[in-house]
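Read off the chains here:
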Number of protein chains: 2
Amino acid sequence: MRLAELSERSGVSTATIKYYLREGLLAPGRQRNATTAEYDEEHLRRLRLVRAMIQVGRVPVATVREVLRHVDDDSLGRTIRMGAALWALPQVPEPDAEDASVQTARREVNDLLETLGWSNAQAVVTLSPAYRSLVVAVAAFRRLGYDWDSELLVAYAQLMHQAAVLDLDAVETYPSETEKVEAAVLGAVLVEPMLQALHRLAQEEESARRYGFEEGGGTGRETP
Amino acid sequence: MRLAELSERSGVSTATIKYYLREGLLAPGRQRNATTAEYDEEHLRRLRLVRAMIQVGRVPVATVREVLRHVDDDSLGRTIRMGAALWALPQVPEPDAEDASVQTARREVNDLLETLGWSNAQAVVTLSPAYRSLVVAVAAFRRLGYDWDSELLVAYAQLMHQAAVLDLDAVETYPSETEKVEAAVLGAVLVEPMLQALHRLAQEEESARRYGFEEGGGTGRETP
């Protein structure tokens, strides 16, 4: 297809596509003559992924380039290739290792992984930004002086594992290795906001089921 | 307790506490004499909540004030009170109603709520920022030209409903109505980043279980 058709099918303007080409986020088309290049379905797929990262995920251009470098690295096995691509996405900064609440949180997260039997996750804790994010989130609880029910954390982790099984089942429906890795990146960018919205909507539904919509004083008896 | 003790127990500096007092995010202490005020456990609790919103949730001060106004409004029933407090948190902007992908997404989300039997959520779709966020997230998929398996969306929603049941069970362990609403706000600010981190960690675990850590070519056979 020509540039105009690529633009129409992707909903991305030709000016933006040219910018992505210049920035190396999209491979050049096959040159048909001095002024016309030909693009294929692979360009369209890659363009949508770039668009999702930049427009929805607000990922900086340099980071997108880094993510794509891993997506395209077929010397890597699937776990490492997906991991590297996802790890290149913007992440929470390294927590302050000297901070007492960070040290406590690290122990708690390690205990959690042990309880869950997530031995693979245990093997990569020094590398994984997801592990780091979890430590930061648990440390925030601790630092604010909140107690934390470790059984609840286990229950949440088990639900999120069920979500991960759904994610990877969906990823596996894609034919090529590259498309699988692309689908994993897309999931991180597009599915996560959806899960968060579903979670809040589910809270509203569950709250209304339990307590109804009545005025204060209904189920709202103060029991101080 | 004196200001110094409040500061020590919360980990918030006295200068910051004074700032929160001036901004009306914290009720004044009981004045003991011209220079000394006395604070109680309720101040400590509120201070931790304010800290969580500002430091972890990056919620602007004016928004925190608005959230707290709803938290403290005991004329409201529990569902509305929690809802109002959560709805006051920063949300995604209203989607463009003219946009075709938004209209499609709205229909899809409405069908989802119907399938799930979330009749309470259906009743508040015009008000709920969670509904709006979900429409925006689904519309992003559509606009980028991705197909979407509606059964997968149902499965994710059911998992998130299980998470919401855990959330509200935890919220109900708090004694007073105000503390319950505070716990719901805290959940939105502190638990959501934790769930996201758990989700990514679970993906890494599940990926390693399925595909191992081997080099490219192992499970990484290209089937283009």
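Sequence order sets the numbering: in each chain, residues are counted from 1 along the sequence as written. As they are written, the chains are lettered A onward and the ligands numbered 1 onward, keeping that order. The model is predicted, so local features are restricted to residues of pLDDT at least 70 and side-chain atom pairs to those at 80 or more, both for listing and for counting; the totals for chains, interfaces and linings are taken over all residues. Only hydrogens and water are set aside; all other atoms, that is, all heavy atoms of the structure, feed into the side-chain values.

By the naming in an unreviewed UniProt entry, chain A goes by MerR family transcriptional regulator and is assigned to Streptomyces macrolidinus.

Participant: If you had to explain helix α8 (residues 129–143) of chain B to someone new, which residues and values would you point to?
Facilitator: Between the first and last C-alpha of α8 of chain B there are 20 Å, a value that for 15 residues agrees with the 21 Å anticipated at 1.5 Å per step. Buried residues dominate α8 of chain B, accounting for 11 of its 15 residues. All of the buried residues along α8 of chain B are Pro 129, Ala 130, Tyr 131, Ser 133, Leu 134, Val 135, Ala 137, Val 138, Ala 139, Ala 140 and Phe 141 of chain B. In this structure, the buried side of α8 of chain B is in contact with α3 (41–56) and α10 (177–211) of chain A together with α5 (78–87) and α6 (100–116) of chain B. Between N or O atoms, a polar contact is any pair within 3.5 Å; within protein, one atom must be a potential hydrogen donor and the other a potential acceptor, and residues adjacent in sequence are included only when both atoms are from side chains. Where helices and strands are cited, they refer to DSSP runs of H or I of at least four residues and of E of at least two residues respectively, numbered from the N terminus. The backbone nitrogen of Ala 130 of chain B lies 3.1 Å from a side-chain oxygen of the residue at the head of α8 of chain B, namely Ser 128 of chain B. Count one or two residues on from α8 of chain B and you reach Gly 145 of chain B, which has phi positive near 85°. Expected span, for any helix, means 1.5 Å times one less than how many residues it has. For every residue, the accessible area (1.4 Å probe, protein chains only) is compared with the maximum for its type, and the residue is labelled buried under 20%, exposed over 50%, or partly exposed between those bounds. Residue contacts are defined here by distance: any two heavy atoms, one from each residue, within 4.5 Å place the two residues in contact.

Participant: Account for α5 of chain B, naming residues and giving values.
Facilitator: The element α5 of chain B is extensively covered by neighbouring structure, given that 8 of its 10 residues are classed as buried. Every buried residue of α5 of chain B is listed here: Arg 78, Thr 79, Arg 81, Met 82, Gly 83, Ala 84, Ala 85 and Leu 86 of chain B.

Participant: Please provide a residue-by-residue account of the interface of chain A and chain B, values included.
Facilitator: Contact with chain A, which involves 100 residues of that partner, is made by 100 residues of chain B. A side-chain nitrogen of Lys or Arg and a carboxyl oxygen of Asp or Glu constitute a salt bridge if their distance falls within 4 Å. In this structure, the connection of chain A to chain B is made through 6 salt bridges. Examining the composition of the side of chain A that touches chain B, we find that 26 residues originate from one element, α10 of chain A, more than from any other.

Participant: Which residues make up the packing of aromatic side chains, and what values go with them?
Facilitator: We call Phe, Tyr and Trp rings a pair once their centres come within 6.5 Å, taking the six-membered ring for Trp, and we label the pair stacked below 30 degrees between planes, edge-to-face above 60, and tilted otherwise. In the structure shown here, the tally under the stated rule is 2 aromatic pairs over all chains. Seen in terms of ring centroids, Tyr 19 of chain A and Tyr 20 of chain A are 6.0 Å apart; in terms of plane orientation they differ by 50°. Their pairing is tilted. Taking the ring centre of Tyr 211 of chain B as reference, the NZ or CZ of Arg 78 of chain A above it sits at 4.2 Å. We count a charge as sitting over a ring when the NZ of a lysine or the CZ of an arginine lies within 6 Å of the ring centre and within 35 degrees of the ring normal.

Participant: If you had to explain the domain arrangement of chain A to someone new, which residues and values would you point to?
Facilitator: Residue and element names in this part refer to chain A. When cut into domains, chain A gives domain 1 (3–87) and domain 2 (100–211). Computed over C-alpha atoms, the centres of domain 1 and domain 2 are 28 Å apart. Opposite the 16 residues of domain 1 that make contact, domain 2 presents 19 residues. Throughout, the accessible surface (probe 1.4 Å) given up by two parts as they are put together, summed over both, is called the buried area. Across the domain 1 to domain 2 interface the summed buried area is about 1600 Å²; carbon plus sulfur atoms make up 74%. Taken together, the links from domain 1 to domain 2 amount to 4 salt bridges. With its nearest N and O atoms 2.8 Å apart, the salt bridge here joins Arg 46 to Glu 182. Breaking the side of domain 1 that touches domain 2 down by element, the ones donating at least two residues are α3, α4 (61–71) and α5 (78–87). Lys, Arg, Asp and Glu make up the charged group, whereas Ala, Val, Leu, Ile, Met, Phe, Trp, Tyr, Cys and Pro make up the nonpolar group; the residues left over, Gly among them, are polar. Taken together, the residues of the side of domain 1 that touches domain 2 sort by class into 10 nonpolar, 1 polar and 5 charged. Domain limits in this description derive from either an automatic procedure or a database domain assignment.

Participant: How would you explain the relation of the copies chain A and chain B if you had to name every residue and give the values?
Facilitator: The superposition of copies rests on a least-squares fit of C-alpha positions from residues with pLDDT of 70 or more in both. Overlaying chain A on chain B yields an RMSD of 0.0 Å, the required transformation being a rotation through 180° with an accompanying axial translation of 0.0 Å. As the rotation angle and translation indicate, the two copies are arranged about a two-fold axis. Across chain A, the rotation axis passes nearest the C-alpha of Leu 159 of chain A, at a separation of 3.2 Å. Taken together, the interface assignments show that 100% of the residues at the interface of chain A recur at the interface of chain B, consistent with an identical surface on both copies.

Participant: So, the side chain of Glu 192 of chain B: which residues are in play, and what are the values?
Facilitator: Mapping Glu 192 of chain B onto the fold places it in helix α10 (residues 177–211). Contacts of Glu 192 of chain B, omitting those with residues within four sequence positions, involve Gln 196, His 199 and Arg 200 of chain A together with Gly 187 of chain B.

Participant: Tell me about unusual backbone geometry, residues and numbers included.
Facilitator: Residues and elements named next belong to chain A. For Arg 58, which is not glycine, the phi torsion reads 50° and is therefore positive. Secondary-structure assignment places Arg 58 in the loop between α3 and α4. By relative accessible area, Arg 58 is classed as exposed at 67%.

Participant: Report on the packing of α3 of chain A against α10 of chain A, specifying residues and quantitative values.
Facilitator: Residue and element names in this part refer to chain A. To obtain each axis, a line is fitted to C-alpha atoms, and for helices this fit is confined to the stretch in contact; angles are then taken between N-to-C directions over 0 to 180 degrees. Their axes nearest at 10 Å, the elements α3 and α10 cross at an angle of 20°. Here α3 lies roughly parallel to α10, going by the angle between them. Viewed along their axes, α3 and α10 form a crossing whose handedness is left-handed. In contact with Arg 45, Arg 46, Leu 49, Ala 52, Met 53 and Val 56 of α3, α10 contributes Thr 178, Glu 179, Glu 182, Val 185, Leu 186, Val 189 and Leu 190. Classifying every residue of the contact of α3 with α10 gives 8 nonpolar, 1 polar and 4 charged. The labels follow the angle: roughly parallel below 35 degrees, roughly antiparallel above 145, roughly perpendicular from 65 to 115, and oblique for the rest. Here a crossing is called left-handed whenever its near helix is offset anticlockwise from the far helix by less than a right angle, and right-handed whenever the offset is clockwise.

Participant: Report on the confidence of the model for chain A, specifying residues and quantitative values.
Facilitator: In this model, chain A carries a mean pLDDT of 87, and residues with pLDDT of at least 70 account for 95%. Confidence drops under a pLDDT of 50 for residues 217–224 of chain A, and excluding neighbours within four residues, the segment shows 13 contacts in the predicted structure. Per-residue confidence from the predictor is reported as pLDDT, which spans 0 to 100.

Participant: Quick rundown of the pattern of salt bridges? Include the residues and the values.
Facilitator: Following the criterion strictly, the structure yields 33 salt bridges over all chains and no others. The partner of Arg 32 of chain B in a salt bridge is Glu 38 of chain B, and the shortest N-O contact between them spans 3.0 Å. Salt bridges linked by common partners bring Arg 45, Arg 46, Asp 72, Glu 179 and Glu 182 of chain A together as one network.

Participant: Pulling in residues and values, what's your account of the UniProt feature "domain: HTH merR-type" (unreviewed entry) in chain A?
Facilitator: In this numbering, the UniProt entry assigns the feature "domain: HTH merR-type" (unreviewed entry) to residues 1–70 of chain A. Between the end C-alpha atoms of residues 1–70 of chain A the distance is 27 Å, and the span holds 61% helix and 6% strand. UniProt positions are given in the numbering used here, feature names are shortened, and annotations may be inferred rather than shown by experiment.

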